Structures are given as structure tokens and as C-alpha cells.
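This is what each chain is made of:
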Amino acid sequence: MIRLEKRPQPSRAWSLATPLVAVLATMLFGGVLFAVLGKDPVEAIRTIFWEPLFGEFSFYYRPQLLIKGAPLVLIAIGLSLGFKAGIWNIGAEGQYIMGAIVGAAVGLAFYPYEAWYIFPLMVIGGALGGWAWAMIPAVLKVRFGTNEILVSLMLVYVAEQLLASASLRFLKNPEGFGFPGSRNLQSYESAFNADLIEGSGMHWGVVAALIAVIFAYILLNRHMLGFHIRLTGEAPRAARFAGVNPSRLILLCLGMSGALAGLAGLFEVSGPAGQISIDFNVGYGFTAIIVAFLGRLHPVGILLAGGLMALTYIGGDIAQSNLGLPSAAIQVFQGMLLFFLLALDLLTNYRVTLRTSEVA
Amino acid sequence: MDLSAINPVLLIASLMVAATPILLAAIGELVVEKSGVLNLGVEGMMIIGAVSGFAIAVETSSPWLGFIASAAAGAVFSLLFVLLTQVAQANQVASGLALTLSGLGLSALLGQNYVGIRPPQMGKLDIPLLSDLPVVGPILFGHDPILYIGIALTAGVWAMLKFTRAGLVLRAVGENHDAAHALGYKVIRIRILAIMFGGACAGLGGAYISLIRVPQWTEGMTAGVGWIALALVVFASWKPWRALLGAYLFGGVTVVQLNLQAAGVAIPVEYLAMSPYVITIVVLVILSADKSSAPAALGRNFHASR
Amino acid sequence: MKLTTLLTSAAMALGLATAAVAADKTKVGFVYVGPVGDGGWTYEHDQGRKAVVAEFGDAVETVYVENVAEGPDAERVMTQMALEGADLIFTTSFGYMDPTINVAKKFPNVKFEHATGYKRADNVSTYSARFYEGRAVQGTIAGNMTESNIVGYIGSYPIPEVIRGINSAYIHAKKVNPDVQFKIVWAFTWFDPAKEADAAKVLIEQGADVILQHTDSTAPQAAAQAAGNVITFGQASDMSEYGPSPRVSSIIDNWAPYYVARTQAVMDGTWASTDTWDGIGAGMVGIGEISDAVPADVKEAALALKASLADGSYHAFTGPLNKQDGSVWLADGETSDDGTLAGMNFFVEGIEGDIPQ
């Protein structure tokens, strides 16, 4: 009979190996899925994982990986801080929307005036928008002990309605022939978050994501607050004795994740997306939760996971176009990846032993 | 503006129909959460139920078989969550999201051949005399059978939690799994059963949308109902009858706002559309005074170490 | 080297290569906003793609990507298709407008066709359908057939396309039935079948016996059937499974003739940037068969209107027409210009209620 024994310490080797095993298992089972759908499995896997990185047109896809991955990493880094401390902000999608709305509104308030300080003000606006939205579950939790998972999730739907309102009313492009959506910030120089080097995909959001990774790494490994975060997650009682103020930690963690999600929204709306529209949000806030877990809540892991997720999106679209795979198959493929990763996490924390039966 | 155009009797009757899928999914999730497990995969299980129920109903021309299949499919699909959280001890939040993601994709694949087909109809309850009564008739006796099953399930779960030993054990597991384990209860086994029950209920709720409420199959047709069901469980503070009330309130907000629009009342639609979520948050705050309502072990995994 | 030049040269190199390898094979790409299984908007575009395959067989290769979010994802998918050697790319959602223009700048040799937008370039055409012509036919049938004189209308979002449809239906319903009244409900969603079902039920409960919908699911049809004595019209696709009643006719998005013609133009080398806004006449707007549930004289009137719209002898917006506030919009005999129609943001006189602003 197979038995599980909890390891005294999570296995370091397995913690590094499981993501690789999970990716391999996903390739294997994904291949079976693609074969069932009548597609060449090897070709499909190759298209998804190889084509964007080293294929004929990789000069175009590599920058796209940055564009697609940056918001995921930025949001996931913020979430991981809270997750480590056992604070579950799953409403990053809403904070992302609010950051975009506030940031875009700041920029559009200046239109058509050009000045160097407009973009920095938008960045501050975006961060504040996301932060404020995350402060609602934070304050309610601190003050009333409400469940932050549910409050932050509810606020996603509220934010989506506000987004519709912004596109149809208060941020609607007055020269847009009555169609919903704001002005395009890409054609408003002071507000445009352009590539820093043209065609590189490196916009300010990518820079911010990289800074966030470094910042989180230092915070978690070298700073008292990082220690408190980890301690609270692993041993809440011990944390209390160590003098951690749980309320302060909740406000800080939710606030940081909200601000980062808001920044991601701002960089997206002022750069790649260009405008506020009804369908502006495409689920980055939820995908980032997956990225955070995929990266084992470790800053470097999240960076890699964000890249991997972006790869499956871009490769998935190529596979759709070139091989005629339905987008649902790609979705299942991504679900599998997460599934295997979560399932194999077992090996990190538990030792699997074969032993003669004993009533458990 | 013509408020007299709104017929309160019909409004209540259609509100009950609008509430049923939310109620079914929420009752299932309520049992899951009472056992101390948070399954965020309700949306995924619902849409799997929606597509399986639809497919089987079309193939067999029997809506009843469709509903049975949807419950079975929801329960089987929830086994993925069982595997992750109860066997592999994975994080419940992430596992639930994985379930929803896979469910949406898988259902789209399964349903490819069922787009644009009309499913067999399930007849309405038609009791002579009773169904024809004014006011009471349309509200109480004029619906499809599944709607009554939803109410019966609510009553059943309420009675089970309150009066039976099984309910007591379930609550004990949800409150403190270590203590329950020490008392000799099989924590994991009880949770697995609860999760499967939740999956079956969510599947039924999904099929209610694809077979009765809409009825058709299209990708992503549950359109977020699963998430509303999650909110509803909290709104109801884990009490079945409050879940029923809440489902009517949630379903009612949509129906009432559409009614007001049709009657020509100028209302800001987005603000009404967001009201259920805002109300839930307010209720959460009010309920927070009552610390006893949430299962204490909610979201925490259990491993019997020895 | 700048990316633009890099992309262009790559595309040109590839264009040359494909021209050499398969001079007779034209590659056509389609970018879809929803799943091909949505049974409505995207489904009908994909039918158009299939018509292209059926027409040209091995002479064309079609590729498509579904569920492409508007914004950077759309831009990437279009670029990807252009890089992979597509000669012609149809981008089938309004939100793809700016991405289409951006990508088209980088690939001057690839032809782009953007649905429902207003921005064009040398290699970007726009196309859209005059669905309001179909609404005129529906309005005629609705006005004739309603007994309660209440027509329910389910709108998605208050955008010009939807407002145009409401006005057109109302004008023609009113023409045949001066007592007709429209009840309009905004769903504020593109896609939520359950909400559409609720909206239809609400309208029926409030006395509507005709339901017009500007949303794509069959939910309103089922609601009408359950209620009995209510008629509906199919939207986007024929929805004939609900005929002969409640569904008495339909507006069908028929992109096939246009897609075939534009593909042919690329093959012949005669493609030029245009702004196409076709209606019933060109076959872009199909009127589904009017069922026997409609009395013969009404059917005749509807078909006559359809014919006059098709041959251009009648315009659906012909004066005298006033705006909702009573101010004059079109004088007697005057017809609306396309610019006003494209950005329509007002109701005509007689419609009650405000457009949500």
C-alpha cells in the first residue's frame, strides 16, 4: 500500500524537479489529447514550446513573450507575498482593472496637453487605483474579520461593471463616432507607454516586473518584513509571539499586491492595449494566481512561470492557426499543466513509501 | 414609466427560475465548505454538468437522463479536485482555479457537435386545480420538477446538518479536523463524499441552465453563475434556508432590474448589475460579528500524520 | 535594423517564397473574437470561411484563431498570420480596429479586411452589413402581428449598431401600426444566455407579444415558445429549429458572398481598399424564410419591403423623420447619409425612454 509521510523539511531537490516533471507530464498527456483530436502530437507540442522561442519568426515572438509575460509576473509577485503569509487576494483582476481606469483617466485628463510628467502621474494613479481597490478587503478584514478571498473576488465583478461604465460613459472617446471605448493612448505621446527600444517588447511594464522580482527576492530573503511574512504563513502562532502585527501585515500584503496589479493594468492600457474598452481585461489577474503557484511563490520561480505561461498562450495561438487546434484544447492543456504541478507538489512535502498495509 | 406593467406574481415566478441554478450549485458548495473544504471550481463543474446533461438529453431524448448524467459528470469531474487536495495535499484555492480552467476548456471540446441543437423539453408540473389557482398557482405549482428538487435539496441539507449524526460529523470535520480525526472519524473520506456531492449539485445547476433556463448549448454559457454561487454560500453564512433566500435575492436583482427597464424606469444598469456583489460584501461585514458561522477549518488541508 | 523593416523584409522574402512554391495557393486568415461554437456572430463568420474553402478548394488555404482578445493579443495573432504568409486577413470584431491598422502598416503587401470599423488604409478595407434593413422587415412584420401593440426589444450595449436597429424596426412597425409601443431592455452583455432568457421573459410578462433581439442566443426563442402566442425573429443565424413559431423569420449574417468575392479579388490582383456596407441587395443581410405563422398579406408586405430595399428603390431611413426630442432629422423624402447612421446615438420620435448615457 502506498503511504505518505510528511517530510520534516520540504525537499529542495523535488521542489526544483517537480516543475520540470509537471511540464513533461503535460506534454505527454497533452500530446495524447492532441492525438485524440486528430492532430500530430509531436508537431503540436513543438509548435507550442519551440516555435515562439526558436522558430522562424522568433524575432517577433520573443518580444511578444515579454509583453504577455510582464503583467502576469508583476501581478503574481504581489500575490505571492500575500499567499506566503496566508493572505488570499484572488481579486487581482479587479485591482488590475481599477489601476487601468484610474491611470488612463489621469492621462486623459491632460489630453491633448503634452508634458513629461504626465506618464509618471499616470503610473502613480494606476498604483493608487489598484491599491485602493485592494484596501477594501484589507480594511474589512482587519476591522471586521471578513474573508478576503470572497470580498476581493466580489470586487472583481464590481470593477468589471465600472469598466463598462468607463467605456460607455465617462472615458468614452468623444471622437469615436459613438462607439464604446476611450481614446487610444498609443497616439497620445505623453501618455504612451512605448517600447523603450523599438520592437524589443521592453516597455515600462517589463521593467517594472523585473524590478518587482528583485525587490521581492530581497524583501523575502534579506528583510525583517519578509521574514515576518514567511513566519506568519508557516507558523501563525509563532509569528504572533515574535511580535508580528497581523493587521499591519494584512494591510501591507494586500496593499502591495493591489498596487502591483494596478500598475500592471496601467502599463497595459497605456501600452499594448492602448485604450479602455468593455473587454479590456483578459483574465491576467486570475492567470497570475496560477503563475504564482506555478512559480512556487518564489520570485525567480514566478519569473520563469510567467514566461512559461506566456509561451503556452503564444504557442497555443500559433498552433491554432497553423494546425487548426481549437482554442479549448489549449485551455485544457493549460489546465493540465496546473493540475500536474499541483499534484506533483506532493513529492516536495511528502515522502511516498510503499509499505505493507496498516489501517490508516 | 409604467410600473403597473410589472406583474408581481409573474415576477416572483420567473425569479424562482432564475435563482434555481445558483441555488443548486450553492447548496452543494455549502456542504463542501461545511466539511472544511473551499472548492473554487464551481464554475468548472457547472459547465461540465451543462454540457454532459445537454449531450445525454439530446442523445436519449430524455431530459431526466440528462439531469442524472449531469450530476454524475459533475461528481466525477470533482474527483480531480479530490485527487489534488485530498490525496496530493495541494492548495485548495489553486486547485479550484485549475478545475474551472479545465472545465471550461473540456466542456467546449465535448460540446463541439451540440451547437445549435434544440434539446428535449421537460414538462412543467401541472396539477389540475392547484396550478390554476390565482397568485399561488404560478408561484407554487407551475414550475419544472428540477426547481422543486432544488428546494427539496435545500430542506434535505438543512435537516441533515441539523438533525442527523452525519450532519454532526460533517460539521465536526469542518470545524476541527484534528479533533474529528482523534474521535475516529475518517476525515478524508467524509470530505471526498462532500466534494462529490458538491460536484453533483453544481452539475445539476449547470444542466438546469442548458436544458431548462436557456435551453441550448454554447461555449462558456454558465457565464459566471458558479462564482455567484460561491458568493451566495458566504452570503447565506453557511445556512441552507438563507441560501434559498439569497438565491432569490440574487436572481431577483437581475429580474427586477430588467423589469424596471422594460417598464421604462431610467436606471443606471451597471450599478444595479453590481449590486449583488456589493450586497454580499455588506452582508459579510454584518455577519462578521457572528464568528461562529464560518467553518473553522475552511480551506485547510488535513493529513493524518503518525 | 528596425523591427518594421525586419518584419517587412521577412514578409517579402516569405511572400516571394510562397509565390514561387505555390503561386496558385492563396492563404486567407480569420481572426475571431469568440469561439466558432458560439452559434452566432463568430459562427457565421466561420461559415463564411467555409464558403471560401468550398468555392476555391485547393486554391486557397484558410487559417483561423478563435477567442482572440481585443488588444495586444489580436495584434500578435494578425502579425503571426501575416508572417506565416497570409495574403488576406479578415479581422472580425470592432475592437480589432486599431490593431488591424497597426499590423497593416508593417505588412504593406498583405491585405486586411476589418469588420464594422471606420479606419481604413491602402491595404485595409472595412466591411459591415446594413442589418437595419433586416430590422425594417422585422418591424413591418412585428407591427402587423402584435395584438397587444407592445414589442419587446433586447439590446446588448447602447452602441450605434444596436440603436440603428431599434430605430429602423420602430419606424417600420409604426408605419403599419400607429399604436405600436416599444419596450427596450439593455442586457449590458454580449453573451449571457441566462440573462437573455430573463430579459425575454420580463418583456413577455409586461405584455410584449413580439420579441426582437440583438443578442445571439436562442434563449429568447425558448422563452417565447414557453409563453405561447409570442413571436420572435432569429438573430445572426436562422434559428430555424424554433420555426415556424415562435420564430417567424430571421436576420442572417451572410458573409460568404463578400468573403468569396474578396478572396477572388486577391487572387486576380484586383483587390483595392474599399468601404463596403452591404445590405439585403448584395446578400450580406439574409432574411430567413418567413414562416406560415405570418398571415399571407403581412408576408407579402414584408417581402415587398425586402425587394424595395434590395433594389435600392427605398431607403430604410426616409423622411419625414424627427428625433426623439421632436427636432427635425430628415425632411420629407430625404434619406439619411451613412455618416449619421454609422454614429447614430439618438432615438427617433415616438420611442419612449432614454439611451443609457
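We now turn to the structure provided with this report. (Residues numbered from 1 in each chain as written. Chains lettered and ligands numbered in written order. Predicted model: local features only at pLDDT ≥ 70, side-chain atom pairs only at ≥ 80, totals over all residues.)

1. Concerning the interface of chain A and chain B
The condition is simple: What counts as a contact is two residues whose backbone-derived C-beta atoms lie within 7 Å of each other. In this text, helices come from DSSP runs of H or I with a minimum length of four residues, and strands from runs of E with a minimum of two, each type numbered from the N-terminal end. Residues were grouped as follows: Ala, Val, Leu, Ile, Met, Phe, Trp, Tyr, Cys and Pro as nonpolar; Asp, Glu, Lys and Arg as charged; and all remaining residues, including Gly, as polar.
Counting residues at the interface gives 37 residues for chain A, matched by 35 residues for chain B. Breaking the side of chain A that touches chain B down by element, the ones donating at least two residues are α6 (118–144), α7 (148–170), α12 (284–294) and α14 (327–349) of chain A. With 13 residues, α14(A) is the largest single contributor of residues to the side of chain A that touches chain B. Residues of the side of chain A that touches chain B, tallied by class, amount to 26 nonpolar, nine polar and two charged.

2. Regarding the interface of chain B and chain C
Chain B puts 35 residues into the contact, and the matching count from chain C is 32 residues. Looking at the side of chain B that touches chain C, the elements with two or more residues in it are α1 (8–34), α9 (187–213), α11 (240–262) and α12 (269–273) of chain B. The greatest single-element share of the side of chain B that touches chain C, amounting to six residues, is contributed by α11(B). Of the residues that constitute the side of chain B that touches chain C, the class distribution is 20 nonpolar, 11 polar and four charged.

3. Brief notes about the sheet that holds strand β9 (residues 231–236) of chain C
All names here are of chain C. Rule in force here: Any two strands with at least two DSSP bridges between them are considered paired. Interaxial angle, 0 to 180 degrees, is taken between N-to-C directions of lines fitted to C-alpha atoms, where a helix line uses only the stretch in contact.
Judged by pairing direction, the sheet is mixed, and its six strands sit side by side in the order β7-β6-β8-β9-β10-β12 without closing on themselves. The open sheet is flanked by β7 (181–186) and β12 (285–288), the only strands paired with a single partner. Recorded for the sheet is a direction-independent mean angle of 15° between the axes of neighbouring strands. Two strands pair when backbone bridges link them, and strand β6 (residues 150–155) and β7 are joined in this way by six bridges, in the parallel orientation. Residue pairing in the sheet places Y153 in a bridge with I184 of β7. Here helix α7 (residues 193–205) sits on the sheet and contacts β6, β7 and β8 (210–213); the angle it forms with β6, its principal contact strand, is near 165°. Against the sheet, helix α8 (residues 219–227) contacts β6, β8, β9 and β10 (247–253), and its axis sits at roughly 170° relative to β9.

4. Points about the nonpolar core
To keep it simple, the criterion reads: Buried Ala, Val, Leu, Ile, Met, Phe, Trp, Tyr and Cys residues form a nonpolar core when they are connected through C-beta atoms within 7 Å. Counting other C-beta atoms within 10 Å of each residue's C-beta, where C-beta atoms are placed from the backbone, gives the exposure class: buried for 20 or more, exposed for 12 or fewer, partly exposed between. Note that the domain bounds reflect an automated or database-derived domain assignment.
Membership of the largest hydrophobic core comes to 337 residues, with the highest contact counts inside it found for L74(A), I75(A), L342(A), I22(B), A26(B) and L232(B). Element by element, the count of residues in this core is highest for α9(B), at 17 residues. Counting the residues that make up this core, at least three belong to each of domain 1 (3–129) and domain 2 (131–252 + 287–342) of chain C.

5. Focus on the packing of helix α1 (residues 12–36) of chain A against α14(A)
All names here are of chain A. Short version of the rule: Here is the rule for handedness: rotate from the far helix to the near one, and if that takes an anticlockwise turn smaller than a right angle the crossing is left-handed, while a clockwise turn gives right-handed.
In the contact formed by α1 and α14, the axes pass within 8 Å of each other and the chain directions differ by 145°. In this structure, α1 crosses over α14, and the sense of that crossing is right-handed. When its residues are assigned to classes, the contact of α1 with α14 shows 18 nonpolar, five polar and one charged.

6. Some details on helix α6 (residues 160–176) of chain C
For the record, the criterion: Expected helix span is computed as 1.5 Å times (number of residues minus one).
For α6(C), which comprises 17 residues, the first-to-last C-alpha distance of 25 Å matches the rise-based estimate of 24 Å (1.5 Å per residue) to within 8%. Across the 17 residues of α6(C), 13 count as buried, placing the element largely inside the fold.

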